[in-house]
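Examination of the molecular architecture
Each chain is listed here by its residues.
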Amino acid sequence: MDDDLIADAGAELVTICDDWYEAIVSNDAERIAAYMADDWVIASESGIASRAQFLDLVRSGELTHSAMDRASGARVRIYGDTAVFTARVTNTAHDAGQRFDADEWTSDVFVRRDDRWLCVLTHITAAREPAEGEQ
């Protein structure tokens, strides 16, 4: 893949992720699902959840989001038909009626299937400010 195609794919993935965040805030499960492969999973401090589990929570109204924004520039790396997108993301979610504000590092692994980028894995890690002397 030449440098121009890599740059184009990187810009495309930034747009896809920003659009996906908007879909998540819409709380529309079908709109959210359009960005996820059937075998998508999310890994977090509470374990691994499947696409079906996540979307069922959204459909039920138990999980909603009122905000989701990239808080940093994105790092995108393309490896053929696989890409890794990493950014710091802030969001406000409501789980079973309880509000949660999160500041997280998010890594998303995308694969190109049928000429579309679909996410197969999301991994979130709570962000923290570096301690004095850390970078």
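Calculation criteria
- Residues numbered from 1 in each chain as written.
- Predicted model: local features only at pLDDT ≥ 70, side-chain atom pairs only at ≥ 80, totals over all residues.
- Heavy atoms only, no water.
- Phe/Tyr/Trp six-rings, centres within 6.5 Å; stacked < 30°, edge-to-face > 60°.
- Helix = DSSP H or I, 4+ residues; strand = E, 2+ residues; numbered from the N terminus.
- Buried < 20%, exposed > 50% of the residue type's maximum accessible area, 1.4 Å probe, protein only.
- Pairing = 2+ DSSP bridges.
- UniProt positions renumbered as here; feature names shortened; annotations may be inferred.

- If you check an unreviewed UniProt entry, the protein appears there as Nuclear transport factor 2 family protein from Rhodococcus daqingensis.

1. Things to note about the packing of aromatic side chains
- Scanning the entire structure with this criterion turns up 4 aromatic pairs.
- When the centroid spacing of 6.5 Å and the interplanar angle of 75° are considered together, the rings of W20 and W40 count as edge-to-face. Taken together, the positions of W20 in helix α1 (residues 3-26) and W40 in strand β1 (residues 36-44) put the pair 20 residues apart, joining distant regions of the chain. For the pair W20 and W40, one class covers both residues: buried.
- Here W40 falls in the buried class, since its relative accessible area comes to 3%.

2. Points about the pairing of strand β7 (residues 116-126)
- The pairing of β1 with β7 spans 4 bridges and is classified as parallel. If you follow V41 over to β7, its bridge partner there is L121.
- Of the pairings in the sheet, the one linking strand β6 (residues 98-113) to β7 comprises 10 bridges and is antiparallel in character. Its bridge partner lying in β7, R112 is registered against W117.
- Between β6 and β7, which pair antiparallel in sequence order, lie 2 residues; one of them, D114, sits at a positive phi of approximately 50°.

3. Looking at the UniProt feature "domain: DUF4440" (unreviewed entry) in the protein
- What UniProt calls "domain: DUF4440" (unreviewed entry) maps, in this numbering, to residues 18-118.
- The span residues 18-118 is 24% helical and 58% strand by assignment, and the distance between its end C-alpha atoms comes to 14 Å.

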